[in-house]
Each structure stands twice: as structure tokens, then as C-alpha cells.
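One-letter residues, chain by chain:
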Amino acid sequence: MKAHRITLLAACAMAASLSLAQTPAKLKIGLMLPYTGTYAALGIAIENGFRLQIAEQGGKLAGREIEFVKVDDESDPSKATDNVNKLVKRDNVDVLVGSVHSGVAMAMAKVAKDTGTLLIVPNAGADIVTGAMCAPNIFRSSFSNWQPAYAMGEVALKKGAKKAVTITHKYAAGDESVKGFREAFEKGGGQIVKDLSLPFPGVEFQALLTEIASLKPDVVYTFFAGGAAVKFVKDYSAAGLKKSIPLYGAGFLTDGTLDAQGADADGLFTTLHYADSLGTPRDNAFRLAYAKTYKMQPDVYAVQGYDAAQILAIGAAAVKGDLSKKAEFASAVEKAKIDSPRGPFMLSKAHNPVQDIYLRQVTGKENKLVSIAIKGLADPARGCKM
Ligand code: PHB
């Protein structure tokens, strides 16, 4: 009887391990994105792009099925540490993907660094994430706040601007974007006569627009995104400023926003690592697949979500699905050329894309490519020791 039981137990154990071998555990992805608030549309586009790439991989990565655990981070840095700790400690995710807001991403990077959890940032540009906080397990598929801003500083000079006013939300992304613009603009002899800002996610622009009108700079440089960008562009035009003072921005100002901005955005110049009319076979295929799947046009956020999944797929394939092999994962991603709709790119040593920054101009419902503002621009990765 006893012997029989042992045999049975052994058989059960063998069956269990056999079935384990056949169907590896699901790969758990913690998606921490804004699904409400001024950046809600950005979070949705990132998730759409991410899922599209996973679908193109057959719905699995390295043979493992995918399970998503989703958190709405509300672009609220004060809730970010709790949110990310739940994903890591309660849900035991294999990888974190997020977020949009720089303050939230910094909290995610801190937890990722402390716990060794893999993190792929599909938007937030916080310079520090691939600067002083850089780590072997942290990757970014998007940009640093410095990159598009620095390029626009050069563009503004080339267009003959000497005096600029800046306006943005007062938080890491806005501050760093203005700083990047300032670096290039002052280097070439430009002068910033005033930095204007308001608390995130406020949209009470009137007093600030009145101040711009009285300062009469040659140009205004701005960082706004999502719902705030829609309102800012409309208010700037309604205040009569669009006719007299060119409005330049990091491309988020007009990306994913053109339907809502309408004619008020027409003609605006921005710099970004994506444009709507690249016309490459790679981008055309991506845009067609995205439009078919989601019945809407992709934007830069969709591209960044798509490329976050490409980075994960490359790393996962290299470690045959075992994401605990951090060094092998990193080394595969570091060697890879990411076949992005924006154009192929590689990651810098600090794990931020080295990429072309495009000058675009709004024409109808598109951010049309004008030229390459800076080719192969790498973030300086200040403070990164890796
Ligand atoms: C950021 O907080 O880093 C951020 C947010 C929205 C954008 C770009 C950057 O479109």
C-alpha cells in the first residue's frame, strides 16, 4: 500500500514537472501607465503599440505566454512608489514597463535599481534615468528630455531667433526640456529673456500668455504634452500670439493631439524622434498595422510602446525566456539594432536611444518631416557610471 502511494506520488510529481516543461510559466509584465488625466491618451497609445509588437511575435515571448498586470499611475509621483512596489512585491512581475511622467518614472527607476527588477521606460524623458540613475537592468525606448529640446535650440538659432521666452509645466520634464533648449540656444549666442511655468497639470495659461505678449520675444519655446498641449496651442492662437511670435516646441506639443488642435496647430515647427511622413517601408508597415488594429493613427507614443516590446523581445530571446539572467539580457540588447518605425537605432552605454531628431511642421493632421535637425544624437548621460 505504502509503496503504491509513493509510486503514485512520484508519478504525479513527474507529470507536474513534465507539464511544467511543456508550458513554461507566463511572463508577467507590469504595465504602469497613466490611463486617466492629462496624459491618458499617451498611456493608451503606448499600451497599443506594445501589444501590437507582442501580437507580431505570435502573442508570446521566447515561448512564454504573456500576462499583463496593469496599474493606472495617474501621472501622480506621490503614488508612484506604492504602485511600483505592489507590482514588484505583490504581483511578482518579471518586468516593469512604464511610465509617461518623469516624476513617476524616477520612482520606478529607484525601485528597479533597489530590487534589480527589469525596467523598460516607454516614454518619460527624465534625464537622470539614463544619467545618474543608470543601471544594467534599466532601459529606455523613447528619448531623454534633453534630446529634442537641444535640437530645437539649434533650429531656433538657424531660423534667426536671438531672444526666447520659455513656458512649461514646472516638473522634471519641463525643467529639463527648457534646460536642453537653453544649452544649445545660448551656445550659439541666443538669450532666454524669461522662463515661465505653471504647476503640473494646470492649464490656466491666460496670465502667462499676457506676459509673453508684453515681453515680445523672437520665439517661444515650450514643453507641453497630451491634454495640456491641446489647450495650450488653442489658447496661444486665441490670444492672437500665433501670428506674431513663432511657437516652437519639443514635438510632444503636436503629437497625438492634432485632431483636437485643428487649425490652431497648423504650421507649428517642432523637433522629435518621429514624424508622420517618414515614408520608409518599415514605418509604412507599422502605421498600416496600427491603423488596422486600433482604427486610429499611431503617434510617437505608439512607436515607443512598440519599441519597448521589441527591446523586451530581443532580451527575452537571448535568455530563452529566463529574465533572471540580467547580464545576458543586457548584453543582447546592448548589441542590438532596434528596427524601429522611427528608423533603426541602438542604445547608448547608458541604455538611451541614440537617434535622429527630426524637424517637423504641422500640415493638416500630420507632423510632416521637414529635415533631420540632428543626426544620431546621443544624450550626454551626465552622471552615469556604467
Ligand atoms: C515626461 O514627463 O517625461 C514626459 C511626459 C509627456 C511627454 C514627454 C515627456 O509627452
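Residues numbered from 1 in each chain as written. Predicted model: local features only at pLDDT ≥ 70, side-chain atom pairs only at ≥ 80, totals over all residues. Heavy atoms only, no water.

Turning to the overall build of the protein, a few remarks are in order. The helix and strand tally for the protein stands at 12 helices and 14 strands. Against the 2.2 N^0.38 benchmark of 21 Å for 386 residues, the protein shows a C-alpha radius of gyration of 22 Å, consistent with a compact globule. With the C-alpha coordinates of the protein rotated into their principal frame, the extents come out at 95 × 40 × 35 Å. A buried classification covers 54% of the 386 residues belonging to the protein. In the protein, of all internal contacts separated by at least 6 residues, the share reaching a separation of at least 24 is 68%. Looking at charge distribution, the protein has the averaged site of its 46 positive side-chain charges lying 3 Å from that of its 38 negative ones. (Helix = DSSP H or I, 4+ residues; strand = E, 2+ residues; numbered from the N terminus. Rg over C-alpha atoms; globule rule 2.2 N^0.38 Å. Buried < 20%, exposed > 50% of the residue type's maximum accessible area, 1.4 Å probe, protein only. Contact = heavy atoms within 4.5 Å. Lys, Arg positive; Asp, Glu negative; His and termini not counted. Charge placed at Lys NZ, Arg CZ, Asp CG, Glu CD.)

Attention now moves to the packing of helix H2 (residues 40–56) against helix H11 (residues 300–318). Describing two packed helices takes the angle between their axes plus the distance from one axis to the other. One can describe the packing of H2 onto H11 by two numbers: an axis separation of 6 Å at closest approach and a directional angle of 40°. The pairing of H2 with H11 is recorded here as oblique in orientation. Our pair here, H2 against H11, has a crossing hand that is right-handed. Counted together, Leu42, Ala45, Ile46, Gly49, Phe50, Leu52, Gln53, Ile54 and Glu56 of H2 and Tyr301, Ala302, Gly305, Tyr306, Ala308, Ala309, Gln310 and Leu312 of H11 form the full contact between these two elements. Residue composition of the contact of H2 with H11, by class: 12 nonpolar, 4 polar and 1 charged. (Axes fitted to C-alpha atoms, helices over the stretch in contact; angles between N-to-C directions. Parallel < 35°, antiparallel > 145°, perpendicular 65-115°, else oblique. Left-handed = near helix turned anticlockwise from the far one by under 90°. Nonpolar A, V, L, I, M, F, W, Y, C, P; charged D, E, K, R; others polar.)

Attention shifts here to the domain arrangement of the protein. Domain boundaries assigned for the protein yield domain 1 (27–143 + 277–354) and domain 2 (146–272). One C-alpha centre belongs to domain 1, the other to domain 2, and the line joining them spans 27 Å. Taking both partners together, domain 1 and domain 2 bury about 1400 Å²; carbon and sulfur atoms supply 57% of that area. Seen at the junction of domain 1 and domain 2, the total is 0 salt bridges. Counting across the domain 1 and domain 2 interface gives 8 residue pairs in polar contact (both at pLDDT 80 or more). Residue assignment for the side of domain 1 that touches domain 2 shows that the elements contributing at least two residues are helix H4 (102–115) and H11. When grouped by side-chain class, the residues that make up the side of domain 1 that touches domain 2 number 8 nonpolar, 6 polar and 2 charged. (Domains from an automatic or database assignment. Buried area = accessible area lost by both parts, 1.4 Å probe. Salt bridge = Lys/Arg side-chain N within 4 Å of Asp/Glu carboxyl O. Polar contact = N/O pair within 3.5 Å; in protein donor to acceptor, adjacent residues only side chain to side chain.)

Time to look at the site of the ligand. Within the structure, the ligand sits among 16 residues, and Ser102, Gly125, Tyr171, Ala225 and Tyr301 are positioned closest to it. The contact in question runs from an oxygen atom of the ligand to an N or O atom on the side chain of Ser102, over 2.6 Å. Measuring from an oxygen atom of the ligand, one finds a side-chain N or O atom of Tyr301 at 2.7 Å. Protein contact buries 100% of the 280 Å² of open area that the ligand shows by itself. Here the residues of the shell around the ligand are counted per class, giving 11 nonpolar, 5 polar and no charged. Among the domains, domain 1 (27–143 + 277–354) and domain 2 (146–272) are the pair contributing at least three residues each to the shell around the ligand. (Near = heavy atom within 4 Å. Areas by Shrake-Rupley, 256 points an atom, 1.4 Å probe, with all protein chains shown as cover.)

This part is about the environment of Gly63. Assignment of secondary structure puts Gly63 in the loop between strand S2 (60–61) and strand S3 (64–72). Take Gly63: its relative accessible area is 45%, and that puts it in the partly exposed class. Spatially, the C-alpha atoms of Gly63 and Ala317 are 8.8 Å apart, while their sequence positions differ by 254 residues.

Inspection of every chain in the model, using the stated rule, returns 1 disulfide. Between Cys134 and Cys384 runs a disulfide, and the two sulfur atoms are separated by 2.2 Å. The sign of the S-S torsion, about 85°, decides the handedness of the disulfide formed by Cys134 and Cys384: right-handed. With a gap of 250 residues between them, Cys134 in the loop between strand S5 (118–121) and strand S6 (138–140) and Cys384 in the segment after strand S14 (366–377) connect regions that are remote in the sequence. (Disulfide = S-S within 2.5 Å.)

Right, let's get into unusual backbone geometry. Glycine aside, residues mostly have negative phi, and peptide bonds are mostly found in the trans state. The omega torsion across Gly98 and Ser99 is -5°, close enough to zero to call that bond cis. Here Ser99 lies in the loop between strand S4 (95–97) and H4. Cis geometry marks the peptide bond from Phe200 to Pro201; its omega dihedral reads 0°. Of note, the phi angle at Lys320 is positive, near 50°, even though the residue is not glycine. Inspection of the secondary structure puts Lys320 in the loop between H11 and helix H12 (326–335).

Quick look at the environment of Ile128 now. Along the chain, Ile128 turns up in the loop between S5 and S6. Ile128 sits 44 residues away from Ala172 along the chain, and the two C-alpha atoms are 9.6 Å apart.

The sheet built from 6 strands is open, its strands ordered S2-S3-S1-S4-S5-S6 with mixed pairing. The sheet is open, and its two borders are formed by S2 and S6, each paired with just one other strand. Direction of pairing for strand S1 (residues 27–33) relative to S4: parallel, over a ladder of 3 bridges. Bridge pairing links Gly30 to Leu96 in S4. (Pairing = 2+ DSSP bridges.)

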